[in-house]
Amino acid sequence: HYLPRLFRQTKEWGFKSVKWDLLCEAIDEMELHHDKLYDPTMTSADIQRRIMEIARKEMGEDAYILYCAAVDKEHISIGADLFDACRIGRDQWSWENFHYQVLDKLCSHYPLHNVLMYNDPDSMIIAEKRVSAADTCLFDSKVRIETVTTKEEAISRLTPTVLLGLVFNIGDDIRKLSCERMDMLKKSLPIADVHPKNIGFTQKQDVAPIIVQVSRPYADWTVLGVINTKEEPGIKKMSIAEDLGLETGDYIAYDFWNEKTAGVF
């Protein structure tokens, strides 16, 4: 009785996009009080699935529903065929979490992207300074930390989201972005409508390459993004034939972010 009314009202208010947050925490709560549920013979996952089915039915097929299953990958499958997108990692306030919460999660979840559902790596935060909730104290409203994002970190956050066609939610107040960061944001849009093939890296790599083939009626490009997640400088050797899948020959390399030709290889 209650849930259909809830989502029907949401639709009547005019909302066409809904984020279903804290999926894992909701299931954990059901587990704690399972003997008190209406039908304790059902698993918590099955109950959650039924709730999601009600939400989709009432909101309609044209609504965009994103759910957050950022902690346990076994929860990803609960609503993947019902909803349009899924948060695959925790909140991205700090750079320290970027490797584990974005790059590592993409290794396991990206094959589902733009096939079964869209991957959402969390809000894109590229401002030089930002005061936000601490990662470890997400639900304590009194805890605030100031995060600083360098130019290289901002580029590293933007690049996989753009090249892999991920959900792009801007987490900054764009009115307060500097001219440099606003220019970076402009260069990153629009997001490519791409499907997964091979993103070229595995978990626990310190230097992660992303390779994307781009074809247009007037030209073809191989776009290579190389992200160094370590503090110290790194070197990544790439083979034109074996790594990039190109025929042996001369190729012009252009450094997109620095806007200069890197040479002929």
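Please read these numbers as outputs of a predicted model, since none were measured by experiment.

Structural notes on the side chain of Thr10
Then comes step 1: Residue placement: Thr10 occurs in helix 1 (residues 2-12).
Then comes step 2: Those residues in contact with Thr10, other than ones at most four positions away along the chain, are Phe15, Val18 and Met59.

Regarding the environment of Phe98
Then comes step 1: You can see Phe98 is positioned in helix 4 (residues 98-109).
Then comes step 2: Considering only alpha carbons, one finds Phe98 and Arg157, 59 residues apart in sequence, at a separation of 7.8 Å.
Then comes step 3: For Phe98, the residues in contact, after removing those within four places along its chain, are Gln92, Leu103, Ser156, Arg157, Pro160 and Ile227.

Focus: unusual backbone geometry
Then comes step 1: Residues Leu189 and Pro190 are joined by a peptide bond in cis, for which omega reads 0°.
Then comes step 2: Among the secondary structure elements, Pro190 is positioned in the loop between helix 6 (179-187) and strand 7 (207-216).
Then comes step 3: Of note, the phi angle at Asn114 is positive, near 60°, even though the residue is not glycine.
Then comes step 4: Among the structural elements, Asn114 can be located in the loop between helix 4 and strand 4 (118-120).
Then comes step 5: Since its relative accessible area comes to 13%, Asn114 is described here as buried.
Then comes step 6: You will see that Glu259, though not glycine, has its phi angle at about 55°, which is positive.

Things to note about the side chain of His75
Then comes step 1: For His75, the position within the fold is in the loop between strand 2 (64-68) and strand 3 (85-87).
Then comes step 2: When residues no more than four places from it in sequence are discounted, the contact partners of His75 are Leu23, Cys24, Ile27, Tyr67 and Ala69.

Some remarks on the pattern of salt bridges
Then comes step 1: Tallying each qualifying case throughout the model produces 12 salt bridges.
Then comes step 2: Two residues, Glu58 and Arg8, come together in a salt bridge whose shortest N-O distance is 3.2 Å. With Glu58 in helix 3 (residues 44-59) and Arg8 in helix 1, this pair connects stretches of sequence that are 50 residues apart.
Then comes step 3: As a salt-bridge pair, Asp81 and Arg49 come within 2.6 Å of each other at their nearest N and O atoms. Here Asp81, found in the loop between strand 2 and strand 3, pairs with Arg49, found in helix 3; they are 32 residues apart in sequence, far enough to count as distant.
Then comes step 4: Because the salt bridges share partners, they merge into one network encompassing Arg49, Arg50, Glu53 and Asp81.

Quick look at the packing of helix 2 (residues 23-32) against helix 3
Then comes step 1: With their axes 9 Å apart at the nearest point, helix 2 and helix 3 run at an angle of 130° to one another. With respect to their mutual orientation, helix 2 and helix 3 come out oblique. The two elements helix 2 and helix 3 meet at a crossing, and its hand is right-handed. The residues of helix 3 that touch helix 2, namely those facing Leu23, Ala26, Ile27, Met30 and Glu31, are Ser44, Ile47, Gln48 and Met52.
Then comes step 2: The residue makeup of the contact of helix 2 with helix 3, split by class, is six nonpolar, two polar and one charged.

Calculation criteria
Residues numbered from 1 in each chain as written. Predicted model: local features only at pLDDT ≥ 70, side-chain atom pairs only at ≥ 80, totals over all residues. Heavy atoms only, no water. Helix = DSSP H or I, 4+ residues; strand = E, 2+ residues; numbered from the N terminus. Contact = heavy atoms within 4.5 Å. Buried < 20%, exposed > 50% of the residue type's maximum accessible area, 1.4 Å probe, protein only. Salt bridge = Lys/Arg side-chain N within 4 Å of Asp/Glu carboxyl O. Axes fitted to C-alpha atoms, helices over the stretch in contact; angles between N-to-C directions. Parallel < 35°, antiparallel > 145°, perpendicular 65-115°, else oblique. Left-handed = near helix turned anticlockwise from the far one by under 90°. Nonpolar A, V, L, I, M, F, W, Y, C, P; charged D, E, K, R; others polar.

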